[in-house]
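What the coordinates show
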Amino acid sequence: QKEVEQNSGPLSVPEGAIASLNCTYSDRVSQSFFWYRQYSGKSPELIMSIYSNGDKEDGRFTAQLNKASQYVSLLIRDSQPSDSATYLCAVDLGNTPLVFGKGTRLSVIA
Amino acid sequence: GAVVSQHPSWVICKSGTSVKIECRSLDFQATTMFWYRQFPKQSLMLMATSNEGSKATYEQGVEKDKFLINHASLTLSTLTVTSAHPEDSSFYICSARVTGPQHFGDGTRLSIL
């Protein structure tokens, strides 16, 4: 069964630190990868897309993809209390809905 | 960017009532939309895939007669919770994609008294 695995957390980091969120996936044919942020009581919002090996930076966020090892990660620099949310990793397996991990809950402590 | 609009945001109604939720893609045509349900502190659960002009595909364990899905146009899908009961109270979220990422509506919080 195709799966996306994330540590459920909570991951607690102090304000200003780097938060590192990891995700592994089981299907080698996956080509597209996404990170979503979901605040409590809200729907998920897309924060990063990554399609090729290496790093992709967008502001304080960096997505890292390693297809050989089948993992994708999200780094959040200078973490803020407003970054406290659940982060969902999602993988595109083709002409189907994205496969979502169960999410990692991040708590940034002021 | 792609925008998905979902209405209503909140519904509170009596047990036995049927509730319709609308999901619209505002700036793109979505041949496929997805309906999710999320209980408090739990992960997203895919309920069904809505296909324009054809029957929806339901995930295992989701009652198709309970959760009616209609996708009559390329920009509108509706989910009707028929004869809703308190156990149907949840957060319902629609989503759409063409290629690339899925875009989510703001969700509908359904409370059945």
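The sections below set out a description of the structure shown in this document. Within each chain, residue numbers correspond to sequence positions counted from 1 in written order. Chains carry letters and ligands carry numbers; both start at the beginning, A for chains and 1 for ligands, and go up in the order they are written. Only residues with pLDDT of at least 70 are given local features in this predicted model, and only at 80 or more are side-chain atom pairs given and counted; all residues enter the totals for whole chains, interfaces and linings. Side-chain metrics in this entry use all non-hydrogen atoms of the structure; hydrogen atoms and water are not considered.

1. Focus: the interface of chain A and chain B
- When checking whether two residues touch, look at their non-hydrogen atoms; a contact exists if any pair is within 4.5 Å. Taken together, the contact pairs 18 residues of chain A with 17 residues of chain B.
- Buried area between chain A and chain B, both sides added, is near 1,200 Å², and the carbon and sulfur share of it is 60%.
- Just to be clear on terms, a salt bridge is a Lys or Arg side-chain nitrogen sitting within 4 Å of an Asp or Glu carboxyl oxygen. The interface formed by chain A and chain B includes one salt bridge.
- The salt bridge involving Arg-97 of chain B is made with Asp-92 of chain A; its shortest N-O contact spans 2.9 Å.
- Within 3.5 Å is the distance limit for a polar contact, defined as a pair of N or O atoms, with the added protein rule that one can donate a hydrogen and the other accept it, and that residues adjacent in sequence qualify only through two side-chain atoms. On inspection of chain A and its partner chain B, the count reaches six residue pairs in polar contact (both at pLDDT 80 or more).
- In DSSP terms, a helix is any run of H or I states spanning at least four residues, a strand is any run of E spanning at least two, and both are numbered starting from the N terminus. Within the residue set of the side of chain A that touches chain B, elements represented by two or more residues are β4 (32-38), β5 (45-50) and β9 (85-92) of chain A. By buried area we mean how much accessible surface two parts lose on assembly, using a 1.4 Å probe and totalling the loss over both.

2. Things to note about the sheet that holds strand β8 (residues 71-76) of chain A
Residue and element names in this part refer to chain A.
- In this analysis, strands are considered paired if DSSP registers two or more bridges between them. Within the open sheet, the five strands sit side by side as β1-β3-β8-β7-β6. Their pairing is antiparallel. With one partner strand each, in any of the chains shown, β1 (4-6) and β6 (54-58) form the two edges of the open sheet. Direction aside, neighbouring strands of the sheet carry axes that sit 20° apart on average. Lines are fitted to the C-alpha atoms to define the axes, a helix being fitted only along its stretch in contact, and any angle between axes, read from their N-to-C directions, falls within 0 to 180 degrees.

3. Regarding the environment of Leu-75 of chain A
- You can see Leu-75 of chain A is positioned in strand β8.
- Beyond its immediate sequence surroundings of up to four residues, Leu-75 of chain A is in contact with Ile-18, Ala-19, Ser-20, Arg-60, Phe-61, Thr-62 and Gln-64 of chain A.

4. Here's the deal with the pairing of strand β5 (residues 45-51) of chain B
Residue and element names in this part refer to chain B.
- Across the seven residues of β5, five count as buried, placing the element largely inside the fold.
- Here strand β4 (residues 32-38) hands over to β5 after six residues, with Lys-41 in that stretch at a positive phi of 60°.
- With two bridges connecting them, β5 and strand β6 (residues 57-58) associate as antiparallel partners. The residue bridging Thr-49 from the neighbouring strand is Thr-57, located in β6.
- Hairpin geometry of β5 and β6 is characterised by an intervening segment of five residues between the two adjacent antiparallel strands and by a positive phi of about 80° at Gly-53. Exposed residues in this analysis have more than 50% of their type's maximum accessible area, buried residues have under 20%, and partly exposed residues fall in between, with area computed by a 1.4 Å probe over protein chains only.

5. A word on the pairing of strand β11 (residues 104-109) of chain A
Residue and element names in this part refer to chain A.
- Here β11 shows one buried face, formed by Thr-104, Leu-106 and Val-108, and one open face, formed by Arg-105, Ser-107 and Ile-109.
- In the sheet, strand β2 (residues 11-14) pairs with β11 via four bridges, with the strands oriented parallel. Across the sheet, residue Pro-14 finds its bridge partner in β11, namely Ile-109.
- Relative to β11, β9 runs antiparallel, the two being bridged by three bridges. Its bridge partner being in β11, Thr-86 is matched across the sheet by Arg-105.

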